[in-house]
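Structure at a glance
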Amino acid sequence: MEEMKKEEVKEEPKVEVKEEKKHPSGLTLDERFKLCRSIGQECISEVELRALLDKHPKPIAYDGFEPSGRMHIAQGILKAINVNKLTKCGVKFVFWVADWFAMLNNKMGGELKKIKKVGEYMIEVWRAAGMDLENVEFKWAQEEINKNPNEYWMLVMDIARRNSIARIKRCATIMGRGEGDHMPSAQILYPAMQCADIFFLRANICQLGMDQRKVNMLAREYLEHKDVRKKYRFKPIILSHPMLMGLKQGQAKMSKSDPNSAIFMEDEPHQVKKKINGAYCPPGVVKDNPILCYTEHIIFNRNGELEIVRTEENGGNKLYKSYQELETDYKEGNLHPGDLKPAVIKAINAMLDPVRKHFASGAPKQLLKQIRSFKVTR
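No experiment lies behind these values; they were computed from the predicted model shown.

The full count for this structure, using the stated rule, is zero disulfides. C195 supplies the cysteine sulfur nearest to C171, a cysteine that is in no disulfide, at a spacing of 8.0 Å. Classification of C171 as buried rests on a relative accessible area of 0%.

Dropping the structure here:
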């Protein structure tokens, strides 16, 4: 009897699974994308952001700030949170200390010496507030532009000649002004200059507030010109953080010119308590509620939880591990403003305490005294 030939078993070709290259941050691409994306109320665009994080070894994110007076918690704490998230993902963060811009916008009465002093103060605040400065660089506009004036002003002029006055005026809100406001001609320069900053700094990500959206979109539009696209290749990604409301009813954002609308980074505990206790916070109302806004974007964003301390009669203590759970309870009447506000006061005062201590003595104390003596102008 002939032996049956064994059927040859064809082996399936091995599919090589390409392992994700380990990132220096220790985070996966998904983790880095999720952490970066958590910063923005809006991201233009998510596809571009993910591709950037995948391909670029060390992207550059930037924010420009006018030294314009004392710093409130939106600039201080929220900015520190956002910067720390980005640098944790391997992003280099560049702060554009916009001294010339503040002068154009008549901040500190347009006095450059005072503006520079305020810039120094703001850097001190971020240092004290827990911003990790290892991958952060501060660049002063006047100094950097004067190093390479030809490149910068050619950029400004090119952006200006490709856009109408009407298009530039639509960006007036970036200066805290309406399109119909009286504007000195110097401020027509401002949007073209801010747009140029992005390319001058080689920024991949514009990480500013939603109030700066129009000029960031102007930068993306600029790359729709073929010759410009050939030079800079990729449109800057816009990662816009939400604006923190003012403490009073109907205030879309904090105002430095109205001290009671904002919590400042060196406010004393009793000042924080007074401001929050007097803030607009109607029971059960979530929309346009500044206390809930701070709870979400400051407290949960940094601490990830908030403990409510109250009597058993009022429901007993409760530790919230998510903002959504807290908001639901507030909306349904299970959490009263009288119990929420003390918890918010305690959490914010804990965040501000290192800043207060930093400015309590020595050179920082003298610097703060000088800043407080300056008149805030707009």
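The strand order β1-β6-β5-β2-β3-β4 describes an open sheet built from six strands, whose pairing is mixed. If you trace the sheet from one side to the other, it starts and ends with β1 (42-44) and β4 (136-140), each paired once. As paired strands, strand β3 (residues 92-97) and β4 are joined by five bridges and run parallel to one another. Across the sheet, the residue bridging to F93 is V136, located in β4. Across the sheet, helix α3 (residues 73-88) touches β2 (60-65), β3, β4 and β6 (237-240), and the angle it forms with β3 is around 140 degrees.

The step from I44 to S45 runs through a cis peptide bond, and the omega angle for that step is 0 degrees. Relative to the helices and strands, S45 resides in the loop between β1 and α2 (46-55). The phi dihedral of R202 is positive, around 60 degrees, even though this residue is not glycine. Topologically, R202 is positioned in the loop between α9 (186-200) and β5 (205-206). The partly exposed category is assigned to R202, whose relative accessible area is 46%. A positive phi angle, near 55 degrees, is found at D288, a position not held by glycine. Relative to the helices and strands, D288 resides in the loop between α12 (269-277) and α13 (290-303). Its relative accessible area of 45% is what places D288 among the partly exposed residues.

In terms of burial, β2 is a largely internal element, five of the six residues being buried. In this sheet, β3 lies alongside β2 in parallel orientation, the contact comprising six bridges. Bridge pairing in β3 places I60 opposite K92. Tracing the backbone out of β2, into α3 and back to the parallel element β3 gives a crossover that is right-handed.

On the surface, a cluster of nonpolar side chains totalling about 310 Å² of accessible area is made up of W153, M154 and M157. Here M157 is to be found in helix α7 (residues 149-161).

Per-chain confidence: the chain averages 90 in pLDDT, with 91% of residues scoring 70 or above. Confidence drops under pLDDT 50 across residues 1-9; counting only partners more than four residues distant or on other chains, this segment forms zero contacts.

The rules behind the values
Residues numbered from 1 in each chain as written. Predicted model: local features only at pLDDT ≥ 70, side-chain atom pairs only at ≥ 80, totals over all residues. Heavy atoms only, no water. Disulfide = S-S within 2.5 Å. Buried < 20%, exposed > 50% of the residue type's maximum accessible area, 1.4 Å probe, protein only. Pairing = 2+ DSSP bridges. Helix = DSSP H or I, 4+ residues; strand = E, 2+ residues; numbered from the N terminus. Contact = heavy atoms within 4.5 Å. Axes fitted to C-alpha atoms, helices over the stretch in contact; angles between N-to-C directions. Right-handed = clockwise from strand over helix to strand, strands pointing away. Patch = residues over 30% accessible without salt bridge, like charges linked within 9 Å, V, L, I, M, F, W, Y side chains within 5 Å. Areas by Shrake-Rupley, 256 points an atom, 1.4 Å probe, with all protein chains shown as cover. Salt bridge = Lys/Arg side-chain N within 4 Å of Asp/Glu carboxyl O. pLDDT = per-residue confidence, 0-100.

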